[in-house]
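Structural overview for review
Residues per chain are reported as follows:
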Amino acid sequence: MTALVVDKLTVRYGSLRALNQVSWRVDSGEILGVIGPNGAGKSSSFAAISNVVRREGTATLHGKSTDGVPTQALARRGLRRTFQHNSFFGKLTVLQNAMTAFQVEGGTRLAATIGMPWRQARERAACRDRAAALLREFGIGDTYHDRYPDDVPYGLQRVLSLVLAYGSGAEVLLVDEPAAGVGGADLQSLSDLLGELRKRGVAMVLIEHHMDLVMRLVDRVAVIDRGELIAYGSPDDVQRDPAVLEAYLGRSE
Ligand SMILES: Nc1ncnc2c1ncn2[C@@H]1O[C@H](COP(=O)(O)OP(=O)(O)OP(=O)(O)O)[C@@H](O)[C@H]1O
């Protein structure tokens, strides 16, 4: 099932055209890799899809236009994203952060679930159980639940970012450089997690500089260079594309 289609997406910052008429699609249960050199326009495409920056062109989520739909409303429609840098609520524990993942879903206010007294106690307990189960499901054991995100190993923080974005049922995930700063076994865990989310039917768009991870994992690749889509196809085809070799893969970052 088609999850997200972008058509002729264009982003301008003043006189700079950061993205120029880029089109691609991603289906449920599929990972689209978006690659390109630094400054190519990858993150701008996420910002445009999420309606964080002004855009031209269209983005269609499950067949419905997202034009003018606020970011939070898109999140409620199942479009979530993660960022290059972890963005947790630093004063909340890992578990409390996970509890907030259900706020968007349920539409309840953060304060009502975390800060408020006895009236909300039952809802709070249910939310807490759900959040703890979610964390455990993705390998974040109880020993980490009461720590602050900054106090857990970095690889686990990256996993936590994804788990929070996935929350209790994201259908389309925009994943921005999950493997940044991650190596070894943590890289494998991340790769496994992304594979697991795909199995669950989540459509993912993955911006990533870690080429091995991208080429091993994704179903299709969109290559952007200086705001232009220069190649779009299977990892094998893209890796053989002379324009890609010239513009990106042969260039050291
Ligand atoms: N808010 C902004 N205002 C002005 N220019 C911006 C803004 N955000 C990005 N740019 C510029 O737009 C271009 C595309 O940036 P973008 O961050 O989308 O690239 P990217 O492919 O995600 O790069 P990287 O791999 O380094 O994260 C770059 O030239 C960048 O300097």
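Residues numbered from 1 in each chain as written. Predicted model: local features only at pLDDT ≥ 70, side-chain atom pairs only at ≥ 80, totals over all residues. Heavy atoms only, no water.

Right, let's get into the site of the ligand. Near the ligand, the surroundings consist of 13 residues, among which Gly39, Gly41, Lys42, Ser43 and Ser44 are the closest. A distance of 2.8 Å separates an oxygen atom of the ligand from a polar backbone atom of Gly39. Between an oxygen atom of the ligand and a main-chain N or O atom of Ser43, the distance comes to 2.8 Å. About the coverage of the ligand: the protein hides 60% of its 630 Å² of free accessible area. (Near = heavy atom within 4 Å. Polar contact = N/O pair within 3.5 Å; in protein donor to acceptor, adjacent residues only side chain to side chain. Areas by Shrake-Rupley, 256 points an atom, 1.4 Å probe, with all protein chains shown as cover.)

Inspection of every chain in the model, using the stated rule, returns one aromatic pair. Seen from their ring centres, Phe138 and Tyr166 are 5.6 Å apart, and the 80° between their planes marks the pair as edge-to-face. Of the two residues, Phe138 sits in the loop between α5 (121-137) and α6 (142-145) while Tyr166 sits in helix α7 (residues 154-166), which places them 28 residues apart along the sequence. Note on accessibility: Phe138 and Tyr166 belong to one class, buried. (Phe/Tyr/Trp six-rings, centres within 6.5 Å; stacked < 30°, edge-to-face > 60°. Helix = DSSP H or I, 4+ residues; strand = E, 2+ residues; numbered from the N terminus. Buried < 20%, exposed > 50% of the residue type's maximum accessible area, 1.4 Å probe, protein only.)

Moving on: the nonpolar core. Counting 49 residues, the largest nonpolar core has Leu173 and Leu197 as its most contacted members. It is α7 that provides the largest number of residues to this core, a total of eight residues. Every residue in contact with Leu173, bar those within four places of it in the chain, is listed here: Arg80, Arg81, Leu162, Ala165, Tyr166, Leu197, Val202, Ala203, Met204 and Val205. Within the second largest apolar cluster, 28 residues are counted, among which are Ala3, Val34, Ala203 and Ile224. (Core = buried A, V, L, I, M, F, W, Y, C linked by side-chain atoms within 4.5 Å. Contact = heavy atoms within 4.5 Å.)

A few words now on α5. Between its first and last C-alpha, α5 extends 24 Å over 17 residues, near the 24 Å set by a 1.5 Å rise per residue. Gly139 lies just past α5 and shows a positive phi near 80°. (Expected span 1.5 Å × (residues − 1).)

This brings us to the confidence of the model for the protein chain. Per-residue pLDDT for the protein chain averages 89, and the proportion of residues at 70 or more is 90%. Here the complex is predicted with pTM 0.89, and the ipTM for its interfaces comes to 0.96. (pLDDT = per-residue confidence, 0-100.)

This next bit is on the pairing of strand β3 (residues 31-35). In terms of burial, β3 is a largely internal element, five of the five residues being buried. Here β3 shows no split at all, with Ile31, Gly33 and Ile35 on one side and Leu32 and Val34 on the other all buried.

Now for the sheet that holds β3. Taken together, the six strands give an open sheet; going across it, the order is β6-β7-β8-β3-β9-β10, and neighbouring strands pair in mixed fashion. Among the strands making up the open sheet, the edge pair consists of β6 (79-82) and β10 (228-233). With strand direction ignored, the average angle separating the axes of adjacent strands in the sheet is 15°. Running over the sheet, helix α1 (residues 42-49) touches β3, β6, β7 (172-176) and β8 (203-207) and is turned about 150° from β7. Docked against the sheet, helix α8 (residues 184-199) engages β3, β7 and β8, running at close to 150° with respect to β8. (Pairing = 2+ DSSP bridges. Axes fitted to C-alpha atoms, helices over the stretch in contact; angles between N-to-C directions.)

Right, let's get into the sheet that holds strand β5 (residues 64-65). Read across the sheet, four strands follow the order β2-β1-β4-β5 without closing on themselves; strand pairing throughout is antiparallel. Strands with a single pairing partner mark the edges of an open sheet, and in this sheet they are β2 (16-27) and β5. Of the strand pairs in this sheet, strand β1 (residues 2-13) and strand β4 (residues 56-61) are connected by five bridges, and their pairing is antiparallel. Bridge pairing in β4 places Val5 opposite Thr60. Each of β1 and β2 touches α1; the most contacted strand, β1, lies at about 110° to it.

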